[in-house]
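Fold and geometry: a report
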Amino acid sequence: MSAVVETLTAPVTFTPGAVKELFKLKDQQEISDEFGLRVGVEGGGCSGMNYVLGFDQKKDGDQEFIIDGIKVYMHKAHGLYLAGMQIDFQDGLNARGFTFNNPNAASTCGCGSSFSV
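Residues numbered from 1 in each chain as written. Predicted model: local features only at pLDDT ≥ 70, side-chain atom pairs only at ≥ 80, totals over all residues. Heavy atoms only, no water.

Where an unreviewed UniProt entry is consulted, the protein appears under the name Iron-sulfur cluster assembly accessory protein, with the organism given as Mucilaginibacter terrenus.

Quick look at the structure:
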């Protein structure tokens, strides 16, 4: 008798720059392996929804993904808003920080941290 194993495709991707910065942050802040990167959304911001990105422990309702060696937690309901999104890290003169390229966003704010669908 064989067991059925369900493999979920991660709804988001990271650029190499984002992966490098996330590993750097995890190392600098001495974040233990019991924490993963929470990617999600919350109500608010000038466009209606804000992105959530930070290290956190797994919660009820979370799905767990391993993306480029990074453990990622995302609430099941957030996948609808974030499917296909790419997270990048910019380290230039004009911009520094994580950026979100979300194909589901109908509009975004000027700072790029909130969006509407």
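The rest of the description comes next.
1. Things to note about the overall build of the protein
Helices and strands together make up the secondary structure of the protein, namely two helices and nine strands. What you see in the protein, going N to C, is helices and strands ordered as β-α-β-β-β-β-α-β-β-β-β. In the protein, of all internal contacts separated by at least 6 residues, the share reaching a separation of at least 24 is 51%. If you sum the accessible surface of the protein, you get close to 7300 Å²; carbon and sulfur atoms cover 50% of it. (Helix = DSSP H or I, 4+ residues; strand = E, 2+ residues; numbered from the N terminus. Contact = heavy atoms within 4.5 Å. Areas by Shrake-Rupley, 256 points an atom, 1.4 Å probe, with all protein chains shown as cover.)

2. Topic: unusual backbone geometry
The backbone of E30 shows a phi angle near 50°, a positive value even though the residue is not glycine. Position of E30 among the secondary structure elements: in the loop between α1 (16-28) and β2 (36-43). Despite not being glycine, D68 shows a phi value in the positive range, around 50°. As for its placement among the helices and strands, D68 is situated in the loop between β4 (62-67) and β5 (70-75).

3. Notes on the nonpolar core
In terms of nonpolar packing, the biggest core is built from 19 residues, with V12, F14, V39, I70, V72, L82 and M85 touching the most fellow members. Apart from the residues within four sequence positions on either side, I70 is in contact with F14, V19, L22, F23, L37 and F65. (Core = buried A, V, L, I, M, F, W, Y, C linked by side-chain atoms within 4.5 Å. Buried < 20%, exposed > 50% of the residue type's maximum accessible area, 1.4 Å probe, protein only.)

4. Some details on the sheet that holds strand β7 (residues 96-101)
Hydrogen bonding along the main chain pairs the strands of a sheet, whether they run parallel or antiparallel. Ordered by their spatial adjacency, three strands build an open sheet running β1-β6-β7, and the pairing between neighbours is mixed. The open sheet has two edge strands with one neighbour each: β1 (12-14) and β7. Taking the axes of each pair of neighbouring strands and ignoring which way they run, one obtains an average angle of 25° across the sheet. Here three bridges tie β1 to strand β6 (residues 85-91), and the two strands are oriented parallel to one another. Bridge assignment links V12 to a residue of β6, and that residue is M85. (Pairing = 2+ DSSP bridges. Axes fitted to C-alpha atoms, helices over the stretch in contact; angles between N-to-C directions.)

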